[in-house]
Amino acid sequence: LSPQGQLLAKSWSSLFGGQSGAALQGPIYSFNGRNVLTDPLWPRRLAWHGSTPRGSHARRWDCQGWRSSGTAEGMATALGEGQLLAGHRHNCSTP
């Protein structure tokens, strides 16, 4: 549950266990109070995690040490996919 009492997911494993039916149930707010699922400031709606689908560290794809002029890639998942750690490689410069 979020601090406002909204259900975000049915279970921990539904967020991270790779269950195909898992989907976030409520809004996700940025630190400045914007709903990242609907606000135009967040056009890509990615959750950056640097993990494999099983939850371990994806060492080559974690954006660690990235600099703005670099071409490194990191693992991120579109929030609407329903599988938080499914992930795909994205350029670390992606907003």
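Look a little higher up for the structure.
Residues numbered from 1 in each chain as written. Predicted model: local features only at pLDDT ≥ 70, side-chain atom pairs only at ≥ 80, totals over all residues. Heavy atoms only, no water.

Asker: An account of the sheet that holds strand E2 (residues 73-78) is requested, with residue identities and associated values reported.
Answerer: Taken together, the three strands give an open sheet; going across it, the order is E1-E2-E3, and neighbouring strands pair in antiparallel fashion. In this open sheet, the two edge strands, each paired with only one partner strand, are strand E1 (46-48) and strand E3 (88-91). Sheet twist, expressed as the average angle between the axes of neighbouring strands with direction ignored, equals 55 degrees. Pairing between E2 and E3: four bridges, direction antiparallel. Among the inter-strand pairings, Ala 76 is bridged to a residue of E3, identified as His 88. (Pairing = 2+ DSSP bridges. Helix = DSSP H or I, 4+ residues; strand = E, 2+ residues; numbered from the N terminus. Axes fitted to C-alpha atoms, helices over the stretch in contact; angles between N-to-C directions.)

Asker: Explain the pairing of E2 to me, and be specific about the residues and the numbers.
Answerer: In the sheet, E1 pairs with E2 via three bridges, with the strands oriented antiparallel. Counted as the bridge partner of Trp 48 is Ala 76 from E2.

Asker: Tell me what's going on with the environment of Thr 94, and back it up with residues and numbers.
Answerer: Locating Thr 94 in the fold gives a position in the segment after E3. Along the chain, Thr 94 and Gly 74 lie 20 residues apart, while their C-alpha atoms are 9.7 Å from each other. The residues contacting Thr 94, other than those within four sequence positions of it, are Arg 44, Leu 46 and Trp 48. (Contact = heavy atoms within 4.5 Å.)

Asker: Tell me about the packing of aromatic side chains, and name the residues and values.
Answerer: Under the defined criterion, the tally for this structure stands at zero aromatic pairs. Across the ring face of Trp 61, the terminal group of Arg 89 is positioned such that the distance to the ring centre comes to 4.1 Å. (Phe/Tyr/Trp six-rings, centres within 6.5 Å; stacked < 30°, edge-to-face > 60°. Lys NZ or Arg CZ within 6 Å of the ring centre and 35° of its normal.)

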